[in-house]
Every structure is written in C-alpha cells, then in structure tokens.
Amino acid sequence: MKAYITILGRSTWALINTYYAVLMEKAYYPDVIHVFAEDVYANELDKVVKGLKILSEEFGFKPEIHTHVIKEADFVNAGREISSLVKKLREEGCSIAIDITPGRKALVAAALIPAVKHRMDHVFYLAVKRLEAKPYMMIPLSVQQLKDFIEDAME
C-alpha cells in the first residue's frame, strides 16, 4: 500500500502540479492521500481534493483522500499529528511519500521531523524557477524539476 502526504500552503497550483509531476515522472500512485492545511487555507481544500481526484482518475486509480486542518503556524501540534499519522501508516506497512512543495515553513518543518524519524520512502519537492499559476503541463519542463530528497541522498 502506498500513502502520499501533502501540505497545502498559499498555492493550490503548487500542490496539484507536484502531484501531477509525481504521477508522470515517478509513477507513484498512492492508495491513500492525506492533505494537511493550516486553518487559513482550509477554504481551498475542496478545490484541492477535486484536483487530486481528477488527476488520479486520469491515471486510472481512485485513492482515498483525507483532509486535516491545523491551526496556523502551530508547529508542535502539526508535528504530533503528522508524526502520529506516519507512525500509523508505517505500522500498516505503507510506503510513504510526502510533498513539501506547497507548504509553509512551520508545517514543512513539522513534516520533515517524522520523515527522518520514520524513514519515509520519498520526500518530493517541485523546484520551479519562476512562480507559475498554471497547470504542470503548461509550464516549460526546462524551468521545473521534480526532486526526491530521499532518492538524491541515497546516491
């Protein structure tokens, strides 16, 4: 079983585009997706879930999608909640990937601690040379690069 954790920040495009890149470039098709958002971005969750569903269906699968709302900049509780989720997923035998691209610093830091502690399989980051509020395939591939920090560290 594969799990995908992502953190919604200021840009829904960053979240959706990274997921699209992960599907296209890494063929990582999760069975379950967990989206964490700070309360100030919670109003974007329906749009994000819809985008994740559309992309997944285009690639021929339908993951379960769960959303989690965290109080803004609450590093401690975010860390506890993400760590608890990662531990549970690990106990269930899941492969775990996390996308840190769209998240704000407090949630990204909170997510990276369990990533290291529980040895996540992938930590994805979509590096884009200039801010683009466009779909992934409309942004020239020459200005974006999908990174997997875990994979890069192993090399």
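Residues numbered from 1 in each chain as written. Predicted model: local features only at pLDDT ≥ 70, side-chain atom pairs only at ≥ 80, totals over all residues. Heavy atoms only, no water.

**Focus on the overall build of the protein**
This is how it is decided: Every helix listed is a DSSP run of H or I at least four residues long, and every strand listed is a run of E at least two residues long, numbered separately from the N terminus. Throughout this description, buried means an accessible area under 20% of the type-specific maximum (1.4 Å probe, protein chains only), exposed means over 50%, and partly exposed covers the range between.
Looking only at helices and strands, the protein has five helices and six strands in total. Order of helices (α) and strands (β) in the protein, N terminus to C terminus: β-α-β-α-β-α-β-α-β-β-α. Across the 155 residues in the protein, those meeting the buried criterion constitute 48%.

**Describing the packing of aromatic side chains**
This is how the line gets drawn: Pairing of aromatic side chains here covers Phe, Tyr and the six-membered ring of Trp, requires ring centres within 6.5 Å, and sorts the geometry by plane angle: under 30 degrees stacked, over 60 edge-to-face, intermediate tilted.
Applying the stated criterion across every chain, the model contains six aromatic pairs. Taking the centre distance of 6.3 Å and the plane angle of 65° together, the rings of Tyr 28 and Phe 124 count as edge-to-face. One end of the pair, Tyr 28, is in the loop between helix 1 (12–26) and strand 2 (32–38); the other, Phe 124, is in strand 5 (residues 122–128), with 96 residues separating them in the sequence. Assessed through its relative accessible area of 0%, Phe 124 is described here as buried. Ring centres of Tyr 125 and Phe 149 lie 6.0 Å apart, and the angle between their planes is 15°; this geometry places the pair in the stacked category. Separated by 24 residues along the polypeptide, Tyr 125 in strand 5 and Phe 149 in helix 5 (residues 149–154) bring together distant segments of the chain. Given a relative accessible area of 32%, Tyr 125 falls into the partly exposed group. Residue Phe 149 is classed as partly exposed on the basis of its relative accessible area, which comes to 36%. Members of the aromatic cluster, joined through ring pairs, are Tyr 20, Tyr 29, Phe 59 and Phe 61.

**Concerning the pairing of strand 4 (residues 95–99)**
Threshold: The rule for pairing is simple: two strands pair if DSSP sees at least two bridges between them.
Most of strand 4 is tucked away, with four of its five residues classed as buried. Pairing of strand 4 with strand 5 involves three bridges; the strand directions are parallel. Following the sheet pairing, Asp 99 is matched in strand 5 by Phe 124.

**Notes on helix 2 (residues 45–58)**
The condition is simple: Given a helix with a known number of residues, its expected span is that number minus one, times 1.5 Å. The reported arc concerns the directions from the helix axis to the C-beta atoms and nothing else. Residues count as neighbours in contact if any of their non-hydrogen atoms are within 4.5 Å of one another.
For helix 2, with 14 residues, the first-to-last C-alpha span of 20 Å sits near the 20 Å given by 1.5 Å per residue. Within the span of helix 2, buried status applies to Leu 45, Val 48, Val 49, Gly 51, Leu 52, Leu 55 and Ser 56. The buried residues of helix 2 occupy one face: seen down the axis, they fall within an arc of 160°. More than 90 degrees from the buried face of helix 2, the exposed residues found are Asp 46, Lys 47, Lys 50 and Glu 58. Tucked inside the fold, the buried residues of helix 2 contact strand 1 (2–8), helix 1, strand 2 and strand 3 (64–70). Residue Gly 60 follows helix 2 closely and has a positive phi angle near 85°.

**Details of the pattern of salt bridges**
To be explicit about the condition: The rule for a salt bridge is simple: a side-chain nitrogen of Lys or Arg has to be within 4 Å of a carboxyl oxygen of Asp or Glu.
Enumeration over the complete set of coordinates arrives at three salt bridges. Between Lys 88 and Glu 92 there is a salt bridge whose closest N-O contact spans 3.5 Å. A relative accessible area of 43% places Glu 92 in the partly exposed class.

**A closer look at the environment of Phe 149**
When the C-alpha positions of Phe 149 and Tyr 125 are compared, they lie 7.6 Å apart, and in sequence the two are 24 residues distant. Non-local contacts of Phe 149, meaning those with residues more than four positions away in its chain, are made with Ile 100, Val 123 and Tyr 125.

**Topic: the environment of Leu 52**
Along the chain, Leu 52 turns up in helix 2. Among residues more than four places away in sequence, those in contact with Leu 52 are Leu 15, Ile 16, Tyr 19, Ile 33, Val 35 and Ile 65.

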